[in-house]
Amino acid sequence: MIALVLGALIAVAAVVIVALPFIRDNGEPELIDFGSESEEILELIEERDRALAALKELEFDHRTGKVDDEDYRETVGPLRRQAAEALQALDARTGKRSTGEGSAAEDLGEQEHVQGDDHDGDSGRDDVGEPAVDERAHQVAARREPDQRNERERDPEREHDL
Amino acid sequence: MARSRRSPARLVIALAIAALLAVFLVYTALSGTTPALQPSNLAGHNGTVSLTGKVIGPVKGDAHLQGGLRFKLHNINGVSPTVPIIYHGSVPDLFEVGRDVNVTGQLQGASFVATALTTKCPSKYTSKA
Amino acid sequence: MPDLGRAALVVSFMLALYALVAGTAAAITRQRRMADSARYALIACFGSTAVASGVLVRALVTHDFSYAYVQAHTSRDLKTIYSLTAFWGGEEGSLLLWLLVLTGYAALAVTLNRKLLKDVVVWVVPVIGGIATFFSFMLVAVASPFTTVPRSVDGAGLVPSLQNPYMVAHPPMLYLGYVGLSIPFAFAAGAMLSGHTDERWIIATRRWTLAAWTFLGFGQILGAHWAYVEVGWGGYYAWDPVENAALMPWLAATAFLHSVMIQERKGMLRIWNMVLVALAFELSVFGTFLTRSGVIESIHSFAKSSIGGWFLGFVVASTLFSMALILWRLPLLKARTKLESPLSREATFLYNNLLLVALTLTIFWGEIFPILTQLFTGQQQTMGRPYFDFFLRIFGLPLLLLMGIGPLIAWRRSSARALMKTLRWPIAVALVTGAALIIAGAGSSAPGLIAYTFCAFVLTTIVIEFVRGTRATGSLFQLVARNRRRYGGYIVHASIVLLAIGIVGSSAYGTTKELPLARGQTMTVPGYKLTYASLKDTPSVTETGRSVETRGYLKVSGRFNGTMSTAYVNSSALGISHEVGIHTDWLRGEDLYVILDQVVGNKVYFKVLVKPLVNLIWIAGYVFLFGSLVTLWPDAREQRRLVTRLSLARA
């Protein structure tokens, strides 16, 4: 007898749980929005992260002596160029989507804010508190970037998530 | 240095598969497999075979003495002719009449001379008291 | 109460089916409410399965013999812990455990990822729903744990050899591993179904895969150790079908774990990864099928049953589904970059994949060969130990070597010169070790010698990595804490090297000797002299009948001075069983293993085995666990990585 009652209760509970989303309204849109643009941006983000991670790994390997000076010099140039290109492509893409001048900085600011929390920046953005303006300057003067980046990379406190 | 534009990956994989097949062919050509038989289809197989069946008593003799341990096997399921087994070696755990076992050896005359004997783990549960 | 259990399982089945059907509809039409509802259904499915499990646990612990299952797997005198573990002792209970773990994992996985992988999770839900539908259907219609029978006074007991802590831990660990592989599979399928094959699914499921792989690996070592001490033939692995059933998915998962690193770093091997994760999943279900259906002769006996056909159907259907999915999404899975050189780290990962898959397929072929020959020639043929041992060496030795080369070789392309330069120390150590071993007598086994030198090679590379890293960062602890994946991985590699050394030592360099000894007589094995001292018979009467324990005592001298004993028990209920005597020399890692084979007249046949380095195998298990834990340790940064990616995409 108890078994039947409990069984019925479980069945009822199941129905209620399943019906919940139809009954209550949590303010989200009716249709799930994925956005095809997001997929492209995700790819660009992946390329950027890949390029920056490769750079970080090279720095770490060089620091620990696995990669010697000669090989390091050979490899670091192309990797930095790759990273700069990836950053440019990504910023171009996200910059394009802003509606006005203000929002370009906003987008970067948001990127900054989100990555500021990420103070060990596995994406390579270790610059906590770096003003947004500098970033733009980075993209334009790609050649300057490697040196500044180099310094940050050399900081032994940098974590390394592989 | 001119580098082929095609990724070497495909070549690597093709070579690997070829190597694998070659190793396989060589191995099976050299050693071959063992037939897994039951008492009912043992007749006529003269090489080394693996035989699985149920132990029928009486169990006589000694696995460590010259005469060997002697018992009979018949099919695990159903009726079948019985095969007399002579075994030399260590007697594994849980060997007893009624147990399913596997022997490896050769038919010699009317008896099967076994060099290896394993018992199938019986039901994990003992029979009710 | 069995009615409650049955009802709960019916509810589970309906919920799983709903998750499958409504989930699919929701994913296609992008209806948020329906998608949420399907997801809730999956979570509720865990709830009702938990209720059913609770009913079974209660019945087991209270010895409710009106349940056929309780009758068959417990007895009144069984210790409570073994009554509890009887949950998975039989087929029905283990299916219930599968469903419980599956829905539990699923509930957690979809809840944690519902925001960041919204587009993928909406498809993950119906995929898991499909798997859960199969298992719950089996539980409701084919193999129910809640069948009732006339109540009996007592139940069947559990054979004594299974009543030990290893057998408590071994099955659930394996299940946590097997079932755990469904999660990355479901996410991979979700990624393909949604068309969003970016790396989020890999980042999200990385820890699930690692955890499942760890459980599966450690569970196997536990099983091997139990076999070694309890079953007592002196070995720990017999290439038995049931053992292979756990090894194959583990090997496929190993390949997958490594291969995804390449996808993350280079965007390559994406098709490989989809194939590997599907292979790991299919092999884990196939493994369950093999173990439970009795379709292949095995010394692990589980009752032959009717679920075999159903399982085979499920494996075939899900394999076809995976293949179709991968073929359909092939354009999306094209690599971003190409392999530049056969001498590069990317290439070594590719070789790693190839070797692991080759080994897996070899074992698989050996497994199904008897079935195939039976089908096509009417005559069952088996592949014996030599087949498996041979291919383990052919594929295992190069894999060992790759473990050392991989971490050191350069990305993109390397030259033979550069490689030799990087590897000069490991090669030197390996050669010196090889020479020293030959002098020490290890030349008796060529594969053994090669394996040992390879192990020295790999260990040197690992030590160098740790030394270099510690010098650069100043603290070993900080080094590992900040680079958990890399150094945790090295620790796991070290455990595999230890495992290899243990396996090689105990097999290639072991000794087995059997002699009849009269009282006072001595036998000699390398390192030890054993003298038969005395024999003692101890009869006893238990509930199941009478038994006599015959215990032989040996005086040992040599590397160890003392006494050992070993016994053989003749029980009217169980027949003969052996209790081996093991003496472990921890300094050498060596075991002296004695078995009392038989008493013949006034002589006793003793089988003595010397197993050098065998204890490294068990130590390797713990090192493996430790290394995996280091790699698994939660990393807040990784979660943020996912978050930043998504918010950027949304911005």
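What counts and how
Residues numbered from 1 in each chain as written. Chains lettered and ligands numbered in written order. Predicted model: local features only at pLDDT ≥ 70, side-chain atom pairs only at ≥ 80, totals over all residues. Helix = DSSP H or I, 4+ residues; strand = E, 2+ residues; numbered from the N terminus. Contact = placed C-beta atoms within 7 Å. Nonpolar A, V, L, I, M, F, W, Y, C, P; charged D, E, K, R; others polar. Pairing = 2+ DSSP bridges. Axes fitted to C-alpha atoms, helices over the stretch in contact; angles between N-to-C directions. Expected span 1.5 Å × (residues − 1). Buried ≥ 20, exposed ≤ 12 C-beta atoms within 10 Å, placed from the backbone. Arc of directions from axis to C-beta.

Enquirer: Describe the overall build of chain A, with residues and values.
Expert: Counting its secondary structure elements, chain A contains six helices and zero strands. Taken from N to C terminus, the helices and strands of chain A fall in the order α-α-α-α-α-α. By sequence separation, contacts in chain A at least 24 residues apart represent 69% of the contacts at least 6 residues apart.

Enquirer: Outline the interface of chain B and chain C, supporting the account with residue identities and numerical values.
Expert: Counting residues at the interface gives 39 residues for chain B, matched by 47 residues for chain C. Listing elements by their share of the side of chain B that touches chain C, those giving two or more residues are α1 (8-30), β1 (34-37) and β2 (49-62) of chain B. No other element matches the eight residues that α1 of chain B contributes to the side of chain B that touches chain C. The class makeup of the residues in the side of chain B that touches chain C is 20 nonpolar, twelve polar and seven charged.

Enquirer: Explain the sheet that holds strand β6 (residues 562-571) of chain C to me, and be specific about the residues and the numbers.
Expert: What holds strands together in a sheet is hydrogen bonding between their backbones, with the strands either parallel or antiparallel. All names here are of chain C. Strand order across the open sheet formed by five strands is β3-β4-β5-β6-β7, with antiparallel pairing between neighbours. Edge positions in the sheet fall to β3 (522-525) and β7 (575-579), since each of these pairs with one other strand and no more. Between one strand and the next, the sheet's axes are offset by a mean angle of 30°, whatever the strand orientation. Pairing of β3 with strand β4 (residues 528-542) involves four bridges; the strand directions are antiparallel. Across the sheet, the residue bridging to Thr 522 is Thr 531, located in β4.

Enquirer: A description of helix α16 (residues 424-440) of chain C should follow, citing residues and the corresponding values.
Expert: Residue and element names in this part refer to chain C. Helix length check: α16 (17 residues) gives 24 Å between terminal C-alpha atoms against 24 Å at 1.5 Å per residue, within 8%. Inspection of α16 places Pro 426, Ala 430 and Thr 433 among the buried residues, and these make up the whole buried set. Seen along its axis, α16 keeps its buried residues to an arc of 65°; they face one direction. Residues Arg 424, Ala 428, Val 432, Ala 435, Ala 436 and Ile 439 are exposed on α16 and point more than 90 degrees away from its buried face. Where α16 is buried, its residues touch α14 (385-405) and α17 (446-473). Two residues or fewer after α16 comes Gly 441, characterised by a positive phi angle close to 105°.

Enquirer: Pulling in residues and values, what's your account of helix α6 (residues 118-142) of chain C?
Expert: The end-to-end C-alpha distance of α6 of chain C, which contains 25 residues, comes to 35 Å, matching closely the 36 Å that a straight helix rising 1.5 Å per residue would cover. With respect to burial, α6 of chain C is a largely interior element, 20 of its 25 residues being buried.

Enquirer: Quick one: what's the story with the pairing of strand β8 (residues 581-585) of chain C, residue by residue and with numbers?
Expert: All names here are of chain C. One ladder, built from five bridges, connects β8 with strand β9 (residues 590-600); its direction is antiparallel. In the strand pairing of β9, Asp 585 is matched with Glu 590. Between the end of β8 and the start of β9, which pair antiparallel, lie four residues, with Gly 589 showing a positive phi angle near 70°.

Purely geometric stuff here, so don't read any function into it on its own.
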